[in-house]
Amino acid sequence: MKLGLKTTYDERKTMEYRRDVQQKHKETLRVQTETLRVNTILIKEKVKIFQLVDRYAELTIISTVRDRILVEHELLARGRPHEEWREKHLRRELEKIRTDQLYQSSFSWGKSESGSSTAVSGDLGIGKTTMVQKIVYDWATGKIYPHFQFVFSFKFRDLNTIDCRINLRNLILDQYPYFGNVLGELWENPEGLLFIFDGLDEFKDRIDFADNRRNTEPLSMCTDPECWCEVSDIVYSLIQHKMLPGCSVLVTSRPTALNLLEKAEISVWAEILGFVGDERKEYFNRYFEDQTVATAVFKHVEENEILYTMCYNPSYCWILGLSLGPFFTQSDRKQQRVPKTITQLYSYYIYNILKNHGREIQSPRDVLLKLGEMAFTGVSEKKIVFRNGDLIKYNLQSSQFLSGFLMELLERDVSAQSVVYTFPHLTIQEFVAALAQFLTPDPGEIQKFLTKTHNKKARQFEIFLRFVAGLSSSQSAQPMEKILGRSLHQTTRQVIDWVKERFQEEIGNTANAFGNRWHLNTLHYLFETQNIALTRSIFESSKTLRLRGLQLTQVECALLSDGIGFCDTINELDIAFCGM
C-alpha cells in the first residue's frame, strides 16, 4: 500500500514538473515570437519592432501544391496571372485553409490530427517563416492545436552550423535547455509533439527519401531520439515516422526544393499563394502610419502593371514601401518621376541607403564594387548566406555602411552563436551584383559576360540580366551617380548593343519566336532600358512581328504594347495560337 501511495506521489510530481516545463516553454516561445522585426535600412533607424498581431497579414494558403512548372521560377513577376489563376481555381477544386487547420483530419486525407507530416511550399519572401512564427505564437498563447503538448521549431539555416553527429535530445536541449530530464517522458507520448523545420531549400545536406537514399549506416540507427546520428537523418526519421512514430512534423520550403519531398511520407501538401486584391492594399495600410501616403503608394503601384505584379509577395511589398514612400512624403521628391520599372525602383532603394549611410565610409563606390562581386558569386552558386570568410575574401569589413546592405543574423552553433550575413532579399542581391558591372573600372568584354550568363540552362541569372539592361537607362542610374559617380559610357554602350542583338536574334527566329521564357526575357530587357530610340530602332527593323504560339501574360502584353507604341512601321502583328 505504501508503495502504491509512493508511486502515485511520484507520478503526480512528474506531472507537475512536466506541466511547469510546458508553461515555461510556452512563455519562452511567446516572448520569442510576439514581436516582428521589420527592416527599415533606408533610414538611420535600421530595425523597427512591432507586435506580431498588429503587423501580421493573413496569407492565402491552398490545400495542394500547383504543378511545379507553374512555380519553378519564383523570381519572375507574375502577379496578375497569379491572381487570375487563384480566382479561377480556388473556388473549384482547391480549398483555402488557415494555419490552424493544417493538422485537422479533413485535410489529412484520412490521417488523424496527429502523426502526420505536412509540407508548406511558397516563393522566396512569400511569408513562410512569418507564418511559422505565427503558428508558434498562437500555440504558445493557447489559440491553436491544444492537442499538441509541446512544439519545437528549428530553422534549417541554424541546423547548417552543426558539423558533427548529434541526437534529438541534444538538438532540443541546445535550443531549450530547461527541458532537462523531462524529455524521456515526452518520448513516451509522441502524439503530443509537433516538430517544425523551416526552410528545407536552405539546408546544406541533401535528404533523399527514396528507399536507397544513400550508402551509409543503416537508418535503424536513427529510430531512437537518444542515439547519435547526422542532422539530416534526424529530420528524415521524424518526417518518415521512423523516430517517435505518432509525432507530427511541419516542413516549409521554396518550390525549388519540393522534389526532395516527392517520396516522403507527406500527408498534407499546401502552398502559400501570398496577397491578392484587397490583401495587398491592406499590407500598405498597415505599413504606412499615414493612410494618405498608403493610398497614394498603392494607387501608383496598382496603375503600374510591372510593379503591381510584385505585390503578391510580402517581401516585394516591403521593398515597394521602402522605395516609393519617400516620393509621397518628401516635398523635394514630388516633382520627380516616380519609378516605373523594377530597375528604377531598386535604384532609389540603393540611393536611399547611400544617402543615409554613404558618409560613413571613404569610398562607397569601391565597397559596392566588392560587395557586388560577392553578390554575383552568390547568384552564380545559388548562395544567399555569407560568412566572415566571404567578407575577408572580398576585402570587406563590417561597418555601419555595409550593414545598410547586409542583414546580420545570429546563427545558433552547437557551442556558441555566430554572425552570418544575407541581403534582405535575393533580388536585392541580384541588383547589387548587376550594379557592380557598371562600377568596374575595366568594362572589358562585358558582352561576352552577358551572353554567358544568358545561357538558357542558367535560369538564376534572369532577374540579374534584367537589372543589367535596366541600369543602362540614365533615369535608373542617375540617382546613384550623385554619390557613386558616373558609370563608363563604354559599359552602357556595350549593354545596349547586347540587348539589341538579343532582341534581333529572337525576332529572327520565326520558327518559334518567343516560344519560351528566354524569348520573353528580351521584352523585359528592352522595357527595363526605357530607351525609346533603341526600342524604335528594334521594332522598325521588321514590318511583320510574329509571336506565334506564345503564352502571353498581361505583363508581356503591356511590354509589347509599349514597344509597338514607339513606332509606326509594323504592318502586321501575328499572334496566332497565342494564349493568356
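Residue positions are counted from 1 within each chain, in the order its sequence is given. Where local features are concerned, this predicted model is filtered to residues with pLDDT of at least 70; where side-chain atom pairs are given and counted, the filter is 80 or more; whole-chain, interface and lining totals use all residues. With hydrogens and water stripped out, all remaining heavy atoms of the structure feed into the side-chain values.

Focus: the overall build of the protein
Helix and strand definitions here come from DSSP, where helices need a minimum of 4 consecutive H or I residues and strands a minimum of 2 consecutive E residues; each element is numbered from the N-terminal end. Scanning the protein for helices and strands turns up 24 helices and 13 strands. Under the scheme applied here, a residue whose accessible area is under 20% of the maximum for its type counts as buried, over 50% as exposed, and between as partly exposed, the area being computed with a 1.4 Å probe on protein chains only. Of all 580 residues assigned to the protein, the portion counted as buried reaches 55%. Of the contacts made within the protein by residues no fewer than 6 positions apart, 76% connect residues no fewer than 24 positions apart. Note on contacts: a residue pair qualifies if any of its non-hydrogen atoms lie within 4.5 Å across the two residues.

With respect to the pairing of strand β9 (residues 268-274)
Most of β9 is tucked away, with seven of its seven residues classed as buried. Along β9, one buried face is formed by Val268, Ala270, Ile272 and Gly274 and the opposite face, lined by Trp269, Glu271 and Leu273, is buried too. What makes two strands pair is DSSP finding at least two bridges between them. Pairing geometry for strand β5 (residues 117-121) and β9, over four bridges, is parallel. Within the sheet, the bridge partner assigned to alanine 119 lies in β9 and is tryptophan 269.

A word on the pattern of salt bridges
By convention in these notes, a salt bridge is any Lys or Arg side-chain nitrogen within 4 Å of a carboxyl oxygen on Asp or Glu. Across all of its chains, the model carries 13 salt bridges by this definition. Notably, a salt bridge pairs arginine 157 with glutamate 202, separated by 2.8 Å at the nearest N-O pair. Within this pair, whereas arginine 157 is found in helix α6 (residues 156-159), its partner glutamate 202 is found in the loop between β7 (193-198) and α9 (231-239), the two being separated by 45 residues in sequence. Overall, the relative accessible area of 18% leaves arginine 157 in the buried class. Residue classification places glutamate 202 among the partly exposed positions, given a relative accessible area of 24%.

Details of the nonpolar core
Burial of nonpolar side chains together is a common tendency in soluble globular proteins. Membership of the largest hydrophobic core comes to 84 residues, with the highest contact counts inside it found for Tyr346 and Leu371. Here leucine 371 is in contact with Leu396, Leu402, Phe405, Leu406, Phe423 and Val432, once residues within four sequence places are set aside. Among buried residues, the Ala, Val, Leu, Ile, Met, Phe, Trp, Tyr and Cys ones that are joined through side-chain atoms within 4.5 Å form a nonpolar core.

Some points on helix α14 (residues 342-357)
For an α-helix, the turn length of 3.6 residues means that residues three or four places apart are oriented alike. When the terminal C-alpha atoms of α14 are compared, their 23 Å separation across 16 residues agrees well with the 22 Å that a helix rising 1.5 Å per residue should span. Counting buried positions along α14 gives 14 out of 16 residues, so the element sits mostly inside the fold. Under the convention used throughout, the expected extent of a helix is 1.5 Å for every residue step, that is, one less than its residue count.

Points about the state of the cysteines
The criterion for a disulfide is a pair of cysteine sulfur atoms lying within 2.5 Å. Summed over all chains, the structure comprises one disulfide. Here cysteine 222 engages in a disulfide with cysteine 229; their sulfurs sit 2.4 Å apart. On the S-S bond that ties cysteine 222 to cysteine 229, the torsion sits near 110 degrees, and the link is right-handed. Overall, cysteine 222 belongs to the buried group, its relative accessible area being 2%. We classify cysteine 229 as buried; its relative accessible area is 3%. With no disulfide of its own, cysteine 227 lies closest to cysteine 229 among cysteine sulfurs, the gap being 7.5 Å.

Details of helix α18 (residues 446-453)
Among all positions of α18, only Ile446, Leu450 and Thr453 are buried. One side of α18 carries all its buried residues, which in axial view fall inside an arc of 70 degrees. Seen from the open side of α18, the exposed residues pointing more than 90 degrees away from its buried face are Lys448 and Lys452. It is the directions from the helix axis to the C-beta atoms that the arc portrays.

Here's the deal with the packing of aromatic side chains
Paired rings are identified among Phe, Tyr and Trp, the last through its six-membered ring, by centres lying within 6.5 Å, and are further divided according to the angle between planes into stacked (under 30 degrees), edge-to-face (over 60) and tilted (the rest). Taken as a whole and assessed by the stated rule, the structure comprises 33 aromatic pairs. Ring plane angle 70 degrees and centroid distance 5.6 Å describe the contact between tyrosine 145 and phenylalanine 148, whose orientation is recorded as edge-to-face. Ring centres of tyrosine 178 and phenylalanine 179 lie 5.3 Å apart, and the angle between their planes is 25 degrees; on these two criteria the pair is classed as stacked. Judged by relative accessible area, tyrosine 178 falls into the buried class, the value being 18%. One aromatic cluster is present, built from ring pairs that chain together Phe150, Phe152, Tyr176, Tyr178, Phe179 and Phe195. Charge-over-ring placement is defined geometrically: NZ (Lys) or CZ (Arg) within 6 Å of the ring centre, and within 35 degrees of the ring normal. Lying over the aromatic face of tryptophan 139, lysine 26 brings its terminal NZ or CZ to 5.0 Å of the ring centre. Note that arginine 280 overlies the ring of tyrosine 308, its terminal NZ or CZ placed 4.5 Å from the centroid.

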